[in-house]
Amino acid sequence: MKTLLITPQIEAALNRLAGEISRDYKDKNPVVIGILNGSFIFLSDLVRRLDFDIEIDFAILSSYGDKTKSSGSVRLDRRYTAQLRGRHVLVVDDIVDSGLTLNFLFGQIWKDHPASVKLCALLDKPSRRKVPVEIDYLGFTVPDDFIIGYGMDYAGRYRNLPEICVLGEEG
Ligand code: PRP
């Protein structure tokens, strides 16, 4: 495995993103929805840099079937519990890959009549995109490698690595 992004780079991105989000949401009391499991470290580090009122909620989504198809085989395993009508919603995820997960979730969220919905993603892997997803606040664009660490897993492992790494063929 090799390190792709070290802690000072991650912290600089967190500070920049928190600044952008603060500028846009300071007086809006947004609902921040983290997508589990991968976003748990990113969300924790991000929200501690926001010094205004927010509500924090979580959703769990899973893909099933053939993820190479753009048919949207995504399921909401655990629904957020906040009432979104009229609220400003900021979805936080670790990585956008095919886009299927976020595309599906945004469709669900809009049914609840929020005032706005935006996306903050730490990583974007545009080479794998199957459906378009607009990322309003982005940390880094990454190549088509298998990314682990800082919340991201391979078969349930490596989420606790403090830095963002690439899994090599040798493991
Ligand atoms: C990852 C990641 C995103 C999703 C992105 O989650 O956290 O939610 O995949 O992929 P997509 O753009 O192709 O839909 P994963 O399904 O690996 O579960 P996890 O969050 O528990 O790691």
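Just so we're clear, the structure is a prediction, and the values are computed from it rather than from any experiment.

Draft legend 1. Focus on unusual backbone geometry. Following Leu36, the chain continues into Asn37 via a peptide bond in cis, with omega recorded as 5°. Among the secondary structure elements, Asn37 is positioned in the loop between strand 2 (31-36) and helix 2 (40-47). In this model, Asn29 sits at a positive phi of 40°, which is unusual for a non-glycine residue. Classification of Asn29 by relative accessible area gives partly exposed; the value is 35%. Positioned with a positive phi, Ala155 is a non-glycine residue whose angle comes to about 50°. For Ala155, the location among the structural elements is in the loop between strand 8 (147-148) and strand 9 (164-166). On the basis of relative accessible area, Ala155 is assigned to the exposed category, the value being 69%.

Draft legend 2. Here's a closer look at the site of the ligand. Close to the ligand lie 15 residues, the nearest being Asp93, Asp94, Ser98, Gly99 and Thr101. For the ligand, an oxygen atom lies 2.5 Å from a polar atom in the side chain of Thr101. Between an oxygen atom of the ligand and a side-chain N or O atom of Arg159, the distance comes to 3.0 Å. Among the secondary structure elements, those contributing two or more residues to the shell around the ligand are strand 5 (88-96) and helix 3 (100-110). For the shell around the ligand, the element with the most residues is strand 5, which contributes four residues. By residue class, the composition of the shell around the ligand is four nonpolar, five polar and six charged.

Draft legend 3. Spotlight on the sheet that holds strand 9. Reading across from one edge, 1-9-8 is the order of the three strands in this open sheet, with antiparallel pairing throughout. Strand pairing shows two members of the sheet lacking a second neighbour, strand 1 (2-5) and strand 8, which therefore form its edges. Inspection of the sheet shows strand 8 paired to strand 9 by two bridges, in the antiparallel sense. Within strand 9, the residue paired with Ile148 across the bridge is Cys165.

Quick notes on the rules
- Residues numbered from 1 in each chain as written.
- Predicted model: local features only at pLDDT ≥ 70, side-chain atom pairs only at ≥ 80, totals over all residues.
- Heavy atoms only, no water.
- Helix = DSSP H or I, 4+ residues; strand = E, 2+ residues; numbered from the N terminus.
- Buried < 20%, exposed > 50% of the residue type's maximum accessible area, 1.4 Å probe, protein only.
- Near = heavy atom within 4 Å.
- Polar contact = N/O pair within 3.5 Å; in protein donor to acceptor, adjacent residues only side chain to side chain.
- Nonpolar A, V, L, I, M, F, W, Y, C, P; charged D, E, K, R; others polar.
- Pairing = 2+ DSSP bridges.

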